[in-house]
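Observations on the model geometry
Residues per chain are reported as follows:
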Amino acid sequence: MPGISSVLNIAKEALLAHQLSISVSGHNIANVDTPGYSRQTLALKTSVPTPEGVGFFGNGVRGERIARHYDQFMVQSLTDQNAVVSGLKAQQQSMRVVETIFNEAPGLALNDLMSSYWESWQELTDHPELLSARQNVVQQAELINAQLQSMSAEVIQTRHDIGISIQSNVDNVNSLAQQIAQLNGQISANETDIKKQNDLRDTRDLLLTEMSEAVEINYFETNTGAYTIMLTDGHTLVENNESWRVKWKDDKLHWLSKAADGRETEIPIGSGHELGGAIGGQMEVYSHLAEDDPDNYYGRLNALTNAFIREVNQQHAQGVGMVRFSEQITGSELAVDTTLLNADIDETLASTAITAGSMEINGRSIGRIEGSFATEGLAMGKAYNTATAINDAICGVNAKLTTQVAGDVISTGLLAGESVAFTINGIDVSYTAAANETTTQTANNVVGAINSAIDVYNLDPAHSPKMTLEAVYGDGANGGAVDSIILRNTNQGDESRIIIDGAEDTALELQLGLADGIYVADATHNTGIVSMFSDEPITIAAGTDDRYIEQLGLGGGNISSTDDSGDGKLLFTKEDNMVAASLQGFKYADELQTDGTSFKIWLYNDDDTLALAQPVEVSIERAYTLGDVADAINAALSNASGESQPWVAATVAGNKLVLTPDTSHKFAFGGDETNLLATAGINTFFSGHSANTIGVNELIVNDLDNLAVGTVSENGEIFQGDNSNGLLVTNIQRNEYVQFTGGITDTLDGFYNALVGEIGLTGKTVDRDLEFNSLVIDQMNAMRDNTSGVSLDEEMANLIKFQHAYSAAAKLITMSDEMLQTLLNSV
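Below you will find a few notes about this structure. (Residues numbered from 1 in each chain as written. Predicted model: local features only at pLDDT ≥ 70, side-chain atom pairs only at ≥ 80, totals over all residues. Heavy atoms only, no water.)

1. Some thoughts on the sheet that holds strand E26 (residues 569-572)
Strand order in this open sheet of 4 strands is E15-E14-E25-E26, and the pairing throughout is antiparallel. This sheet does not close on itself; its edge strands, each paired only once, are strand E15 (364-365) and E26. Taken together, the 2 bridges between strand E14 (residues 360-361) and E15 define a ladder with antiparallel strand orientation. Across the sheet, the residue bridging to isoleucine 361 is arginine 364, located in E15. (Pairing = 2+ DSSP bridges. Helix = DSSP H or I, 4+ residues; strand = E, 2+ residues; numbered from the N terminus.)

See the structure below:
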């Protein structure tokens, strides 16, 4: 039955319980400023009572467990909101730097500098003969160049700095994942249903919060107490005591998985704001500063510079300075050696479309490639759609087709002695039928006659560039029906026109199946091969297998020296196939107009009198390389002068076009329909093609008289006060139809102002979103603190309560001792 010993036991347990309560409260007070700490309390429970005759006698109190005040829903919400706020903060910091780069403050603004440049041209047109006016134009151009180069350098530096921050955050995520995995192991190993590792859990939640600030995550707690943490796309970062890593590579975040055999798999998971957290915010701005993306801020700055250079140079190349060229001039632009990858579209899959986003070339997503039924064994329609999709992606690859035209089937053979005559691109072709010819024999014999005529033409040194054209017999699998005649260009990716004339002059000639016309590479006149030119290696990524690249005829491996079968990837370099000094290697290659056009060269004696009464017209039709262009110039000049050696020799040096007059002659340019001069950097104002390469042509810097303000008259005269070309240059400022990379049409000022406006609007939007979300997270933190935060006032009140309870328990012991002494004294 209960007695004095029972009272002493109750008092002892009460002392211990209230001592523990004081200790827990002291722990709270000590950690009042500890980040991530959750308030703890001792949960008390009455001891099991003792049954007696009069009822159940209580046995006091005992501490059951130390409870952690924790609102899981609120912590989860805070984790999500932390990622949002952290991402916006990172984006805000980066955008402030970007806004500084594109600052349009008076005196520093690119708009002001360009306005001054156009004004200097206007002043020059008023006084084209003044050296000071010419010097002012060059000086204003140099100011623009310096500003653009400075902006480019700052963009590159900012991108580098952001890249360092991204890498630091990625390393931090990996470190946090390891630490959380270790804590998972400790918590799972030491916890029971009652005993919880409250402090370790607080530490883990703090690390989780820090991780959510770096990247957006989802997580849940397992029945062992461990956290499973995943990225938003579902890839696991932490599970039990195991962690996974992420890696920043090729401007994307990759998730890494290591197999049992040690092989590591990298899976790209994002490259922008979709990642959330500081990494997502930084990557969003970083992507706007990356190179080779025409849609981002840096790409559009380069697009502005590219269009500015192109428009000024194309007009400047039409004019003439105050003097004729008497010394060697070298083009400022390189026709670099280009990688050439030929994709022979699989005709058996011609009607199968490739969905948008299934393929990337040089990191740029390719849009939908529509299928089209094959024509006589060639996937012409799909080849055309493929080339269009690649060019629309602006992926650093110029996709070209090869012109091919197929005649109809020759239904009846020619009678013995019957003749046909027609021309192919101006080359006379004639054929007389032998006795008893079949339609197959006629087709093959006419093919031979065409090729023989082309060979004879090409043997003449006066003909340049050479006629890169051939005829082949149609066999039903090469784009032409059986017993038809096919004409096609021999250089891969040569879209030069094929001209047939005279094949329809008589009913007899209709039997050849050829129709008069001018044929260019299109959806029905090509070889079914897409030729991809690039001055860099070409990388193709199309999933995890070859199903898509097989449609392009690039599957199965062995396409390049590094190609593996079945991986959906291809790396193709100049070592695999190259065109030396290709015209496609010019940065402005897409501006070349070679079909039916020419540029004019006026030739003068050393006393400035005309050496020839008319300008020499140089056609570069069928020119494939810069060497072909040089040959065409030399042939045209030699034919015009009647001399074996041209008075102005064209050569190629260091992949640049060089024009060298002999000691008795000078020359000038009288207009260019081909855009070759502007493309090659001959007689241009600017050099370069982008914000970091723009410069003034050395030809002008070294001699201001080469500034082409005037034009050569119809009679070959050059007037000192002529401003006709200068006026046309000034009109560029108001041209509303300037084409920019990406297909946009606008004025130069309008394009740049739209870019600056977008940057400013983005910055304001980020500021506004950050302000709102900061208020939200402040409210959420306050709500969390109501549950988990330590209140010193409340803890002091608890201490007093626990102290009084402890004193009362001690008094109970004293009273029990007195009762025991009384009992002993009475015995």
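2. Examining unusual backbone geometry
In terms of backbone geometry, most residues other than glycine have negative phi values and most peptide bonds are trans. Between serine 464 and the following residue, proline 465, the backbone shows a cis peptide bond with an omega angle of -5°. Position of proline 465 relative to the elements: it lies in the loop between helix H9 (439-459) and strand E20 (469-474). We note that aspartate 250 has phi near 55°; this positive angle belongs to a residue other than glycine. Among the secondary structure elements, aspartate 250 is positioned in the loop between strand E9 (245-249) and strand E10 (252-258).

3. Observations regarding the side chain of glutamine 404
Looking at where glutamine 404 falls in the secondary structure, it is placed in strand E17 (residues 404-406). Separated by 3.0 Å, the side chain of glutamine 404 and the backbone oxygen of asparagine 478 make a polar contact. The contacts of glutamine 404, once residues within four sequence positions are left out, are Leu378, Met380, Asn478, Gly479, Ile486, Leu487, Arg488, Ile498, His525, Asn526 and Thr527. (Polar contact = N/O pair within 3.5 Å; in protein donor to acceptor, adjacent residues only side chain to side chain. Contact = heavy atoms within 4.5 Å.)

4. Topic: the nonpolar core
Residues Phe102, Tyr117, Ile229, Phe308, Phe685 and Leu748 are the most contacted members of the largest nonpolar core, which totals 82 residues. Considering every element that reaches this core, the biggest residue donor is helix H4 (residues 131-190), with 17 residues. When neighbours within four sequence positions are excluded, leucine 748 is seen to be in contact with Met114, Trp118, Leu304, Ala307, Phe308, Ile732, Val738 and Phe740. Listed in part, the 36 residues of the second largest apolar core include Ile601, Ala630, Leu657 and Leu676. (Core = buried A, V, L, I, M, F, W, Y, C linked by side-chain atoms within 4.5 Å. Buried < 20%, exposed > 50% of the residue type's maximum accessible area, 1.4 Å probe, protein only.)

5. Some details on the side chain of glutamine 314
Structurally, the position occupied by glutamine 314 is in helix H7 (residues 297-316). When neighbours within four sequence positions are excluded, glutamine 314 is seen to be in contact with Glu591, Asn675 and Ala678.

6. Remarks on the environment of proline 615
Structurally, proline 615 is set in the loop between strand E28 (599-605) and strand E29 (616-618). Judged by its relative accessible area of 17%, proline 615 falls in the buried class. A C-alpha to C-alpha distance of 9.1 Å links proline 615 and glutamate 714, two positions 99 residues apart in sequence. Non-local contacts of proline 615, meaning those with residues more than four positions away in its chain, are made with Lys600, Ile601 and Trp602.

7. As for the packing of H4 against helix H5 (residues 198-214)
Contact pair H4 / H5: the axes reach a minimum separation of 9 Å and the direction vectors enclose 155°. Taken as axis vectors, H4 and H5 run roughly antiparallel relative to one another. Crossing angle aside, the handedness with which H4 passes H5 is left-handed. Contact residues: Asn169, Asn172, Val173, Leu176, Ala177, Gln179, Ile180, Leu183, Asn184, Gln186 and Ile187 in H4; Leu200, Arg201, Thr203, Arg204, Leu207, Leu208, Glu210, Met211 and Ala214 in H5. Residue composition of the contact of H4 with H5, grouped by class: 11 nonpolar, 6 polar and 3 charged. (Axes fitted to C-alpha atoms, helices over the stretch in contact; angles between N-to-C directions. Parallel < 35°, antiparallel > 145°, perpendicular 65-115°, else oblique. Left-handed = near helix turned anticlockwise from the far one by under 90°. Nonpolar A, V, L, I, M, F, W, Y, C, P; charged D, E, K, R; others polar.)

8. A few points about the pattern of salt bridges
In the structure shown here, the tally under the stated rule is 23 salt bridges. The salt bridge involving arginine 364 is made with aspartate 293; its shortest N-O contact spans 2.8 Å. Here the residue arginine 364 occupies a position in strand E15, and aspartate 293 occupies one in the loop between helix H6 (277-289) and H7, the gap between them amounting to 71 residues. A salt bridge links lysine 400 to glutamate 495; the nearest nitrogen and oxygen atoms lie 3.7 Å apart. In this pair, lysine 400 is assigned in strand E16 (residues 398-400) and glutamate 495 in the loop between strand E21 (484-489) and strand E22 (498-501), connecting sequence segments 95 residues apart. Among the residues examined, lysine 400 registers a relative accessible area of 19% and is labelled buried. (Salt bridge = Lys/Arg side-chain N within 4 Å of Asp/Glu carboxyl O.)

9. A short note on the packing of aromatic side chains
If you walk through the whole model with that rule in mind, you get 15 aromatic pairs. Their ring planes at 40° and their centres at 5.4 Å tell us that phenylalanine 325 and phenylalanine 667 sit as a pair that is tilted. You can see phenylalanine 325 sitting in the loop between H7 and strand E12 (329-330) and its partner phenylalanine 667 sitting in strand E32 (residues 665-672), a full 342 residues away along the chain. A residue is classified by how much of its surface remains accessible, and phenylalanine 325, at 8% relative accessible area, is buried. Using a relative accessible area of 0% as the deciding quantity, one classes phenylalanine 667 as buried. Among the aromatic side chains, those forming a connected cluster through ring pairs are Tyr117, Trp118, Trp121, Phe308, Phe685 and Phe686. Over the face of the ring belonging to tyrosine 70 we find arginine 68, whose NZ or CZ atom lies 4.2 Å from the ring centre. Lying across the ring of tyrosine 604, arginine 324 places its NZ or CZ 4.6 Å from the centre. (Phe/Tyr/Trp six-rings, centres within 6.5 Å; stacked < 30°, edge-to-face > 60°. Lys NZ or Arg CZ within 6 Å of the ring centre and 35° of its normal.)

10. Section: a nonpolar patch on the surface
On the surface, a cluster of nonpolar side chains totalling about 260 Å² of accessible area is made up of Leu820, Leu823 and Leu824. You can see leucine 824 is positioned in helix H16 (residues 792-826). (Patch = residues over 30% accessible without salt bridge, like charges linked within 9 Å, V, L, I, M, F, W, Y side chains within 5 Å. Areas by Shrake-Rupley, 256 points an atom, 1.4 Å probe, with all protein chains shown as cover.)

11. With respect to the sheet that holds E29
Judged by pairing direction, the sheet is antiparallel, and its 3 strands sit side by side in the order E29-E28-E32 without closing on themselves. The sheet is open, and its two borders are formed by E29 and E32, each paired with just one other strand. When strand polarity is set aside, the average angle formed by the axes of neighbouring strands in this sheet is 30°. The sheet contacts of helix H11 (residues 626-641) involve E28 and E29, and relative to E29 the element is tilted by about 155°.

12. A short note on the pairing of strand E31 (residues 656-661)
In this structure, E12 lies alongside E31, joined through 2 bridges in antiparallel fashion. Note on E31: the bridge partner recorded for threonine 330 is valine 658. Bridge analysis of strand E30 (residues 648-653) against E31 gives 6 bridges, and the strand direction is antiparallel. Paired with threonine 651 across the bridge in E31 is valine 658. Remark: 2 residues form the turn of the hairpin made by E30 and E31, two consecutive strands paired antiparallel; glycine 654 in that turn has positive phi of roughly 60°.

13. Examining the packing of helix H3 (residues 110-126) against H7
Running from N to C, H3 and H7 cross one another at 5°; their axes reach a closest spacing of 14 Å. Viewed along their axes, H3 and H7 adopt a mutual orientation that is roughly parallel. For the pair H3 and H7, the contacting residues are Leu110, Met114, Tyr117, Trp118 and Trp121 in the first and Leu304, Phe308, Val312 and His316 in the second.

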